[in-house]
Amino acid sequence: MKLATKLAGLLAGAMLATGLAGAAMAQSKVVVITPYLAQPGTQFYVEGFSAAAQSNGWDLNVIDTAGDVAAVISRLEDAVNQNVDAIVINVDPAQVEAGLEVARDAGIPVVGMDSGTSPYLATNVTSNGYAMAVETSVYVADRIGGTGNVVMFVFDAFPPVQIRGVIADAVFGNYPDIAVLDRVTPDVSDGGIADSRAKMEAILAANPEPGSIAAVWAAWDQPALGALQAIEDAGRDNEGIVIVGIDANPQARDAIAAGGNFEASVAQDFVGIGNKTAEMVARLLAGETVKENVVYVPTMLITAANAAQ
Amino acid sequence: MIQNLKRYGTLMGFGFIVLFFWANLPETFMTARNWLNISQQVSMLAVIAFTMTIVMVMGDFDLSVGSMASLSGITAALLFAHGYPVAVGLLAGLAVGVVGGLFNGFLVSLVGILPFVATLGTLTMYSGIAFLVSDGKTIFGRDIPRDFSGIARSGLEIPALEITVPFLTILALGVLLLVWFLLEHTAFGRRLYAIGGNYEAARLAGVKVRRLRLIAFGLTGLGAALGGLMLASRVASANPTQGSGLMLDAIAAVFLGMTMSREGEPRVLATLVGVLILGLLDNGLTQMNVDSFVREILVGAIILAAVAISSLGKR
C-alpha cells in the first residue's frame, strides 16, 4: 500500500514536472540556419543540437540553404518574421550581418555554432584552436624526451591556423634542447599534401643523418600526411620520426591507426559543439544573460589507441 | 475551359500558393512586413530574371549570368579592398557586366555559336576569372566599405504607412519598369519579339538581327552585374561562386512566366510572377518548418506542371 502511494506520488510528480516543463518549453521555437548541411562536420553539429532540442521539447526547424550565404539572410528575416524564440547559425556572421541586424532589432537571440565571433551574436560555441595546438606540441615534446630537431608546418596567412603555430613556437621554445629545424609554409593550392611532401623531401635530403630529425609538427593534417609520405618513400620510417597533425580528418585517422610515424592528431567534438550550443540557447531562453562571447568545447587527442572510433 | 486553364493556370497556381500560406500562417504571412521581406529577398533574382527575359524573347539563353554576377561582385570588392571609392567599384562592376554580355552577344550573333554552347563556355570563363582575380578567396570585413553594404540595408521610409521599402526592392522595381518599357513600348523590343517569332522572317524584313542580338546580350550582362552587386552588398562580401545559384532560378522564373502568355513567349511582367512564385515558396515553406529539400522538389514539380498545363491540347 505504502509503496503504491509512493509510486503514485512519484508518478504524479513526474507528470507534473514534465507537464510544467512542457508548458514552459513547448512553445519555444528554435531555428538552425546553415548553408553547409551537406558537410560532415555540420551534420554532426546539427545531430548534437537536435538531440538536445528534442529533450528540451523545442519546436526545431533546421534550414539548409545549400551553400547560398545570401539565402541565410533571407531565412533569418523569415525566422524573425515568424517570431521564433532563438536562432542558431553556422556561417560566418560577417557575411549575414544584414539578417542578424533584423534579429537584434526584434530582440531575438542568435547563437553561433562554430561560426565566428560577432557583436550580433549572443555567443559562439566552438573549439579552442590554442588548446588543440597545446595537445600536439606537448605530445611531441614528451615523445622525443625534450631533445631533438623539429620541422614545423605552419600557415600564418589563415588566422585559425596561425594561432596554432604561435602555441607550438612557445612550447618548443621552452625546451632548451629542442631546435626548430625549419618552419615551412606549404603551398596549399593543391590541397596541401603534395607540396608539403615535396618540402619534406628536400628537408630529408638536407638532413641525411638518421636521428637528425626527431619530429614533424604540422598545424593541420595535410602537411602531416605529406611529410609521412616523404619519410616512408625515403625509407626513413624506422628512424622514429614522430609526426603530428591537427583536425583528425579521416585520412589522418587511417594513418594514425596504421601505427606508423604519424602518431597523433586532435579531433574537434562536433556533436559536443551542437550539444553545448543547445545548452547556451536554453540559458538564453530562460532569460539568462550570457557573458562569454565565445564558449569552448574540449577537443580530444587522437592516437593509435582511439583513432578507429 | 481548357483554354482558360492553359492561359491562367500559372496565375491560378500563384493565387493558390498565396492563399495556402495565408491560411496556414494566418498571423505572419499576409503582413506588409513579410511582403517587403519577400520583395527584398527576391530582388537580386528578379533583376537577373527580368534582364534574362530580354534574350529569351529572341529564343536565346544566357547561362553565364550567375558567374557574371559573381565576377561583378568580386570586381567591385577588389577595388574597394584597394581603397577605391564605392562609386568606382559599382561602375567597374557594371562595366564588367556590359563587356561580358557584349562578348556573349559577339559569340552568338557575329561568330554564330549556339547561345547554349557560347554562354556555357563564358559561364566557365567568367567563373574562372572570378577565381583568378580573387585567388579563390572571399573578400569581406574591413575591405567592404559600410557605404556599400549599407545599400542593401537602407530603404525608403513611408511614415504614413509605417513601413520602410527596402532600397533593393526599389531597384528591382526600377529595372522591371525599364525592361517592361523597352520590350513592350519600343521598336527595339518589338523587333526582339519578331526575331523570337521567326528569325529568318525578321532578317528578311530588314531587322538588323545581329546588332539587336548583340545589344540584347549586353543588357542581360548588365542586369547580371547589377544583380551581382546587389547580392554582394547584401552579404557584405564577395566570393567567386556566390552568384552561381541565380542562373537556374532566373531561367525557371522566365519559364514559369512563359506559360502565362498565349503565344508562350516571355513577358517581363509574367517573369515577375515566376520570380514571386519561387520567392514565396522559400519564404512560406521556411515559416511552415518544411524541409528545404522539399522546396527543391516542389519547385521542379510546379515548373513541370505549369508547362504541362500550358501545352494542353497543343498536339
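Residues numbered from 1 in each chain as written. Chains lettered and ligands numbered in written order. Predicted model: local features only at pLDDT ≥ 70, side-chain atom pairs only at ≥ 80, totals over all residues. Heavy atoms only, no water.

### Brief notes about the overall build of chain B
Okay, so step 1: Summing up its helical and strand segments, chain B has 13 helices and four strands in all.
Okay, so step 2: The C-alpha atoms of chain B give 20 Å as radius of gyration, which agrees with the globular expectation for 315 residues (20 Å, within 12%).
Okay, so step 3: Every one of the 315 residues in chain B was classed for burial, and the buried ones make up 50%.
Okay, so step 4: In chain B, once contacts between residues fewer than 6 apart in sequence are set aside, the share between residues at least 24 apart is 76%.
Okay, so step 5: When the accessible surface of chain B is totalled, it reaches about 14,400 Å², and 68% of it is carbon and sulfur.
Okay, so step 6: Taking the average location of the 20 positive side-chain charges in chain B and that of its 16 negative ones, the two points are 10 Å from each other. (Helix = DSSP H or I, 4+ residues; strand = E, 2+ residues; numbered from the N terminus. Rg over C-alpha atoms; globule rule 2.2 N^0.38 Å. Buried < 20%, exposed > 50% of the residue type's maximum accessible area, 1.4 Å probe, protein only. Contact = heavy atoms within 4.5 Å. Areas by Shrake-Rupley, 256 points an atom, 1.4 Å probe, with all protein chains shown as cover. Lys, Arg positive; Asp, Glu negative; His and termini not counted. Charge placed at Lys NZ, Arg CZ, Asp CG, Glu CD.)

### Let's talk about the overall build of chain A
Okay, so step 1: Helix and strand counts for chain A stand at ten helices and twelve strands.
Okay, so step 2: Taken over the C-alpha atoms alone, chain A extends approximately 75 × 60 × 30 Å along its principal axes.
Okay, so step 3: The buried share of chain A, reckoned over its 309 residues, is 50%.
Okay, so step 4: Taking all contacts inside chain A whose residues are at least 6 apart in sequence as the whole, residues at least 24 apart take part in 72%.
Okay, so step 5: For chain A, the accessible area works out to roughly 13,400 Å², and carbon and sulfur atoms hold 56% of it.
Okay, so step 6: Charge-centre separation for chain A: the mean point of 15 positive side chains lies 10 Å from the mean point of 35 negative side chains.

### Considerations on the environment of Gly 192 of chain A
Residues and elements named next belong to chain A.
Okay, so step 1: Tracing the backbone shows Gly 192 in the loop between strand S7 (178-184) and helix H7 (193-206).
Okay, so step 2: Sequence spacing of Gly 192 and Ser 74 is 118 residues, and the spatial spacing of their C-alpha atoms is 35 Å.
Okay, so step 3: Look past the residues within four positions of Gly 192 in its chain and what remains in contact with it is Asp 187, Gln 222 and Pro 223.

### Section: the environment of Phe 14 of chain B
All names here are of chain B.
Okay, so step 1: Within the secondary structure, Phe 14 sits in helix H1 (residues 2-24).
Okay, so step 2: Classification of Phe 14 as buried rests on a relative accessible area of 16%.
Okay, so step 3: Residues Phe 14 and Leu 278 lie 264 residues apart in sequence; the distance between their C-alpha atoms is 9.8 Å.

### Some words on the nonpolar core
Okay, so step 1: Core analysis: the biggest nonpolar cluster contains 108 residues, and Leu 76, Ile 87, Ile 89, Val 96 and Leu 100 of chain A together with Leu 192 and Ile 195 of chain B have the highest contact counts within it.
Okay, so step 2: Counting residues per element, this core draws most heavily on helix H2 (residues 32-57) of chain B, at 14 residues.
Okay, so step 3: Each residue touching Val 96 of chain A, except ones within four places of it in the same chain, is listed here: Val 69, Val 72, Ile 73, Leu 76, Ile 89 and Val 91 of chain A. (Core = buried A, V, L, I, M, F, W, Y, C linked by side-chain atoms within 4.5 Å.)

### Thoughts on helix H7 (residues 167-185) of chain B
Every α-helix winds through 3.6 residues per turn, so residues three or four apart in the chain are directed the same way.
Residues and elements named next belong to chain B.
Okay, so step 1: Between its first and last C-alpha atoms H7 spans 26 Å; for 19 residues at 1.5 Å apiece the expected length is 27 Å, and the two agree.
Okay, so step 2: Among all positions of H7, only Leu 168, Thr 169, Ala 172, Val 175, Leu 176, Val 179 and Leu 183 are buried. For H7, the angular spread of the buried residues around the axis is 125 degrees, confining them to a single face. Facing away from the buried side of H7, by more than 90 degrees, are the exposed residues Leu 177 and Leu 178.
Okay, so step 3: Those residues of H7 that are buried lie in contact with H2, helix H6 (146-153), strand S3 (163-166), helix H8 (187-197), helix H10 (209-235) and helix H12 (268-287). (Expected span 1.5 Å × (residues − 1). Arc of directions from axis to C-beta.)

### Some remarks on the sheet that holds S7 of chain A
Residues and elements named next belong to chain A.
Okay, so step 1: The strand order across the open sheet built from six strands is S7-S6-S8-S9-S10-S12, with neighbouring strands paired in mixed fashion. Each having just a single partner strand, S7 and strand S12 (300-302) make up the two edges of the open sheet. Pairwise comparison of adjacent strand axes, ignoring direction, gives a mean angle of 20 degrees for this sheet.
Okay, so step 2: Across four bridges, strand S6 (residues 148-153) lies against strand S8 (residues 215-218) in parallel orientation. Across the sheet, Phe 153 pairs through a bridge with Ala 218, a residue of S8.
Okay, so step 3: Seen against the sheet, helix H5 (residues 129-143) touches S6, S7, S8, strand S9 (242-244), strand S10 (262-267) and S12 and runs at an angle of roughly 160 degrees to S10. (Pairing = 2+ DSSP bridges. Axes fitted to C-alpha atoms, helices over the stretch in contact; angles between N-to-C directions.)

### Structural notes on the side chain of Ser 118 of chain A
Residues and elements named next belong to chain A.
Okay, so step 1: Mapped onto the elements, Ser 118 comes out in the loop between strand S4 (110-113) and strand S5 (123-127).
Okay, so step 2: Judged by its relative accessible area of 11%, Ser 118 is buried.
Okay, so step 3: Here Tyr 120 takes part through its backbone nitrogen, which lies 3.0 Å from a polar atom of the side chain of Ser 118.
Okay, so step 4: Filtering out sequence-adjacent residues up to four positions away, Ser 118 remains in contact with Pro 93 and Leu 100. (Polar contact = N/O pair within 3.5 Å; in protein donor to acceptor, adjacent residues only side chain to side chain.)

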